[in-house]
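In case you want the letters, here they are:
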Amino acid sequence: MEEYQDYKFRKVSRDTILSFLNLYGVTLFNRSNLLMNCSEETSIKVSIITAAYKSKTTIGEAINSVANQTYPNIEHIIIEGKSEDGTLEEIRRYKHNRMRLISESDDGLFHAFNKGIKEATGDVIGFVHSDDFFAHKKTLARIMAEFEDPTVEAVFSDLDYISNIDKSLVIR
């Protein structure tokens, strides 16, 4: 989606992080207090994790939405669960230089997410599901700007459910 809506991002402290994780569209959280020590010249590293299983028709858009982010310091970790529908081939088709792929069997979505978290090297971790995408190329840059406040431990936003036929049509 080229048009950019001005979403309001919400900031929370460490005490409330666990109640928010994956309840909202975009959730990124600080892995440690490393953000407190980053200089202005250093770009905070963000790890985006995508779990994919039988996602051939949607994974390409998810990958592109991460690859096209203007924020410079991103690693995109894709955990592919040994799909047999062509998902792995589709992931390889959309491969970009900030992406790492792990393709092995897992025990479901949250097991895959946990694998991604273990592999992540970023100071901030976020999730983009295989059938989701960032609505704008500056989404991560705007979210990361919120982490400049040292009291912020997590940032999340609402999401739009859109038609898979007409992406300009918001369903809810």
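Residues numbered from 1 in each chain as written. Predicted model: local features only at pLDDT ≥ 70, side-chain atom pairs only at ≥ 80, totals over all residues. Heavy atoms only, no water.

Asks: It is not clear to me how the nonpolar core should be interpreted in this structure. Could you clarify?
Replies: Nonpolar side chains in soluble globular proteins tend to be buried together. Ranked by internal contacts, the top residues of the largest apolar core, which has 16 residues, are I48, Y71, M144 and F147. Those elements that place two or more of their residues in this core are β3 (46-52), α2 (59-67) and α5 (139-146). Ranked by residues supplied to this core, first place goes to α5 with three residues. Of all hydrophobic cores here, the second largest spans 10 residues; its members include I49, I77, I102 and F113. (Core = buried A, V, L, I, M, F, W, Y, C linked by side-chain atoms within 4.5 Å. Buried < 20%, exposed > 50% of the residue type's maximum accessible area, 1.4 Å probe, protein only. Helix = DSSP H or I, 4+ residues; strand = E, 2+ residues; numbered from the N terminus.)

Asks: Is there a simple way to think about the pairing of strand β6 (residues 124-127) in this case?
Replies: A regular strand places its side chains so that they alternate between the two faces of the sheet. The alternating pattern of β6 places V124 and G126 and I125 and F127 on opposite faces, both of which are buried. Looking at chain direction, β3 and β6 are connected through four bridges and run parallel. Within β6, the position partnered with V46 by the bridge is V124. (Pairing = 2+ DSSP bridges.)

Asks: Just to check I follow, could you spell out the pattern of salt bridges for this structure?
Replies: One side chain can pair with another of opposite charge once the charged atoms of both are near each other. Under the definition given, this model contains five salt bridges. We note a salt bridge from E90 to R93, for which the minimum N-O separation is 3.0 Å. Of this pair, E90 and R93 both sit in helix α3 (residues 87-93), separated by three residues, roughly a single helical turn. Taking relative accessible area as the criterion, E90 reaches 14% and is therefore assigned buried. (Salt bridge = Lys/Arg side-chain N within 4 Å of Asp/Glu carboxyl O.)

Asks: I keep staring at the environment of D107 and nothing clicks. Help me out?
Replies: When you line up the elements, D107 lands in the loop between β5 (99-103) and α4 (109-119). The class of D107 is exposed, set by a relative accessible area of 71%. When the C-alpha atoms of D107 and G81 are compared, they prove to be 8.5 Å apart, with 26 residues separating the residues in sequence.

Asks: Any chance you could explain the packing of aromatic side chains here in plain terms?
Replies: What characterises a pair of aromatic rings is the spacing of the ring centres plus the angle enclosed by the ring planes. Scanning all chains against the criterion turns up two aromatic pairs. Ring centres 6.1 Å apart and planes at 75 degrees place the aromatic pair F110 and F113 in the edge-to-face group. Placement of the pair is F110 and F113 together in helix α4, with a separation of three residues, close to one helical turn. Residue F113 is classed as buried on the basis of its relative accessible area of 3%. Aromatic side chains F113 and F127 sit 4.6 Å apart centroid to centroid with 50 degrees between the ring planes, which places their arrangement in the tilted category. One end of the pair, F113, is in helix α4; the other, F127, is in strand β6, with 14 residues separating them in the sequence. Both residues of the pair, F113 and F127, count as buried. Taken together, F110, F113 and F127 form an aromatic cluster joined through their ring pairs. (Phe/Tyr/Trp six-rings, centres within 6.5 Å; stacked < 30°, edge-to-face > 60°.)

Asks: Help me understand the pairing of β5 in this model?
Replies: Sheet analysis places strand β4 (residues 74-80) next to β5, joined by five bridges and oriented parallel. Residue I77 lies in a different strand from β5, and its bridge partner there is R100.

Nothing here speaks to function; it is geometry throughout.
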